[in-house]
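Spelled out, the chains give:
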Amino acid sequence: MKVTTAALPLLPLFQRLLPGLPGLPGLPAVPGLPDLASLPGRLTGLSLTLLKASALEAAILAGHLLLYPSGIIQERRPAQTLRPTDTRDARDPQPSPPPPRLPAPVSPPVVLLHGFIDNRSVFLLLRRSLVQHGRHEIESLNYSPLTCDIRTAAELLGRHIEEICERTGSERVDVVGHSLGGLIARYYVQRLGGDLRVRTLVTLGTPHAGTKVVPLANAHPIVRQMRPGSAVIEELTMPAPGCRTRFVSFWSDLDRVMDPLETACLDHPDLSVQNVRVSGIGHLALPVHPTVATGIRQALDTTGPETGVETGTDTGKHPGGLTVA
């Protein structure tokens, strides 16, 4: 009993990790922790889930290291449609009419944006899934691992999207951003007027409120911008009235890159947001797992409000989360 009582200060931590635990007879009442009788079983289940998730993360990391070289080079853009050679008679004063412009695709193009020290190869499986389900205008943007400013990367993304819209004839695009990529895309939407171009922004394990993981990584300027309270994070908390973009944020309960875990939930009063909790996988699996890919496709196929009238967040307390373990 003395050993158990000495552990009481740690019980709130167990409550956060294992919500809904019943009480343990004979122990002083702890608010929110009425009973701990089922703790061993729950810890066993959690350990198995963590073991499976860790093994999957290791396998994905190994596979991604093999594919990484294939994604270093920037994706080659489709060739511009050339105007056919003018064969009219030189004496004819009337110029030939321009060729008809192809209609915009039913679904807008999808832009994929990778995370920190990564490249477009991380989206190999997601891209294949999107193509198999009718999305054929898909492009990835590589930004340099030496990029030191989220704002600069957001400007690059904006130029990239303008070029896509000009080439395809589409007025808007959808964006899927993994980790830092989601933060760059969000900055473009909120701070650089990108809501005019981005219809839906899907983020995967993005530190919307900043992450405290790996303090030693602060040597890199862009990592410092991902910390809670940084100038960039504070800019993103500023008002964004009338934002036209719909946000869908996937966050994992086993994401060790997010500290705290809930930082991957997007909470902003002016934005139309849906937060989707993913159970059973880690950070690297979010852009790879087929169940998450299905959720991404559904998010992109759902037409949301064009303005920020219906705003608010769904932090995973409601039905609609994904369990993949």
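Residues numbered from 1 in each chain as written. Predicted model: local features only at pLDDT ≥ 70, side-chain atom pairs only at ≥ 80, totals over all residues. Heavy atoms only, no water.

Describing the pattern of salt bridges
Phase 1 of the analysis: What the rule picks out here adds up to eleven salt bridges.
Phase 2 of the analysis: Taking the shortest distance from any N to any O, the salt bridge between aspartate 301 and arginine 135 comes out at 3.4 Å. Residue aspartate 301 is found in helix α9 (residues 290–301), and its partner arginine 135 is found in the loop between α4 (124–132) and β4 (138–141); the two are separated by 166 residues along the sequence.
Phase 3 of the analysis: Residue arginine 197 is joined to glutamate 162 by a salt bridge in which the shortest nitrogen-to-oxygen separation is 3.0 Å. Residue arginine 197 is located in the loop between α6 (180–191) and β6 (198–204), and its partner glutamate 162 is located in helix α5 (residues 150–168); the two are separated by 35 residues in the primary sequence.
Phase 4 of the analysis: For arginine 197, a relative accessible area of 23% corresponds to the partly exposed category.
Phase 5 of the analysis: Shared partners join several salt bridges into a network, and the residues in it are Arg135, Asp174, Arg199 and Asp301. (Salt bridge = Lys/Arg side-chain N within 4 Å of Asp/Glu carboxyl O. Helix = DSSP H or I, 4+ residues; strand = E, 2+ residues; numbered from the N terminus. Buried < 20%, exposed > 50% of the residue type's maximum accessible area, 1.4 Å probe, protein only.)

Comments concerning the packing of α5 against α6
Phase 1 of the analysis: As a packed pair, α5 and α6 sit with axes 8 Å apart at the nearest point and diverge in direction by 75°. In terms of their interaxial angle, α5 and α6 are classed as roughly perpendicular. When α5 is examined against α6, the residues Ile150, Arg151, Ala153, Ala154, Leu157, Gly158, Ile161 and Glu162 are found in contact with a partner set consisting of Leu180, Leu183, Ile184, Ala185, Tyr187 and Tyr188. (Axes fitted to C-alpha atoms, helices over the stretch in contact; angles between N-to-C directions. Parallel < 35°, antiparallel > 145°, perpendicular 65-115°, else oblique. Contact = heavy atoms within 4.5 Å.)

Quick notes on the packing of α4 against α9
Phase 1 of the analysis: At their nearest, the axes of α4 and α9 sit 10 Å apart, and the two run at 50° to each other. In this view, α4 runs oblique relative to α9, as classed from their interaxial angle. Relative to α9, the crossing made by α4 is right-handed. Each of Leu126, Ser129 and Leu130 in α4 lies in contact with α9, whose residues at this interface are Ala293, Ile296, Arg297 and Leu300.
Phase 2 of the analysis: Here the residues of the contact of α4 with α9 are counted per class, giving five nonpolar, one polar and one charged. (Left-handed = near helix turned anticlockwise from the far one by under 90°. Nonpolar A, V, L, I, M, F, W, Y, C, P; charged D, E, K, R; others polar.)

Section: the pairing of strand β8 (residues 272–279)
Phase 1 of the analysis: Judged by how many residues are buried, β8 sits mostly within the fold: six of eight residues are covered.
Phase 2 of the analysis: Across seven bridges, strand β7 (residues 246–252) lies against β8 in parallel orientation. Residue serine 249 lies in a different strand from β8, and its bridge partner there is asparagine 275.
Phase 3 of the analysis: Across two bridges, the pairing between β8 and strand β9 (residues 322–323) is parallel. Paired with valine 278 across the strands is leucine 322, a residue of β9. (Pairing = 2+ DSSP bridges.)

A word on α5
Phase 1 of the analysis: The terminal C-alpha atoms of α5 lie 27 Å apart, and with 19 residues this matches the ideal 27 Å at 1.5 Å per residue to within 8%.
Phase 2 of the analysis: Turning to α5, its buried residues number three or more, namely Ile150, Ala153, Ala154, Leu157, Gly158, His160, Ile161, Ile164, Cys165, Arg167 and Thr168.
Phase 3 of the analysis: Two residues or fewer past α5, glycine 169 is found with a positive phi of approximately 80°. (Expected span 1.5 Å × (residues − 1).)

Re the sheet that holds β9
Phase 1 of the analysis: Taken together, the seven strands give an open sheet; going across it, the order is β4-β3-β5-β6-β7-β8-β9, and neighbouring strands pair in parallel fashion. A strand with exactly one partner marks an edge of an open sheet, and here the two such strands are β4 and β9.
Phase 2 of the analysis: The pairing of β6 with β7 spans five bridges and is parallel. Across the sheet, residue valine 202 finds its bridge partner in β7, namely valine 248.
Phase 3 of the analysis: Contacting β3 (110–113), β4, β5 (173–178) and β6, α5 crosses the sheet at an angle of about 155° to β4.
Phase 4 of the analysis: Packed on one face of the sheet, α6 meets β3, β5, β6 and β7 and runs near 150° to β6.

As for the nonpolar core
Phase 1 of the analysis: Within the largest apolar cluster, 34 residues are counted, with the highest numbers of intra-cluster contacts made by Ile150, Leu157, Ile161 and Ile184.
Phase 2 of the analysis: Counting residues per element, the ones that place at least two in this core are β3, α5, β5, α6, β6, α7 (221–225) and α8 (231–236).
Phase 3 of the analysis: Apart from residues lying up to four places away in sequence, leucine 157 is in contact with Val111, Leu113, Leu141, Ile184, Ala185 and Tyr188.
Phase 4 of the analysis: With 24 residues, the next largest nonpolar core counts Ile60, Val202, Ala285 and Leu322 among its residues. (Core = buried A, V, L, I, M, F, W, Y, C linked by side-chain atoms within 4.5 Å.)

Brief notes about the pairing of β4
Phase 1 of the analysis: Taking every second residue as pointing to the same face, both faces of β4 are buried, with Ile138 and Ser140 on one and Glu139 and Leu141 on the other.
Phase 2 of the analysis: Bridge analysis of β3 against β4 gives four bridges, and the strand direction is parallel. Of the residues in β4, the one forming a bridge with valine 110 is isoleucine 138.
Phase 3 of the analysis: With α4 bridging β3 and its parallel neighbour β4, the resulting β-α-β unit is right-handed. (Right-handed = clockwise from strand over helix to strand, strands pointing away.)

Let's talk about the confidence of the model for the protein chain
Close inspection of predicted coordinates is inappropriate in any region flagged by low pLDDT.
Phase 1 of the analysis: In this model, the protein chain carries an average pLDDT of 79, and 69% of its residues clear a pLDDT of 70 or more.
Phase 2 of the analysis: Segment residues 1–34 is flagged for pLDDT under 50; beyond a separation of four residues in sequence, or across chains, it makes 49 contacts in the model.
Phase 3 of the analysis: In the predicted structure, residues 80–90 sits below a pLDDT of 50 and forms ten contacts with residues beyond four places in sequence or in another chain. (pLDDT = per-residue confidence, 0-100.)

Quick word on the environment of arginine 135
Phase 1 of the analysis: Using a relative accessible area of 6% as the deciding quantity, one classes arginine 135 as buried.
Phase 2 of the analysis: Linking arginine 135 and serine 107, residues 28 residues apart in sequence, is a C-alpha distance of 7.1 Å.
Phase 3 of the analysis: Sequence-distant contacts of arginine 135, that is, excluding residues within four places in its chain, are made with Ser107, Pro108, Val110, Leu130, Asp174, Arg199, Leu300 and Asp301.
Phase 4 of the analysis: A polar side-chain atom of arginine 135 sits 3.1 Å from the main-chain carbonyl oxygen of leucine 300.
Phase 5 of the analysis: For arginine 135, the side chain forms a polar contact with the side chain of aspartate 301, separated by 3.4 Å. (Polar contact = N/O pair within 3.5 Å; in protein donor to acceptor, adjacent residues only side chain to side chain.)

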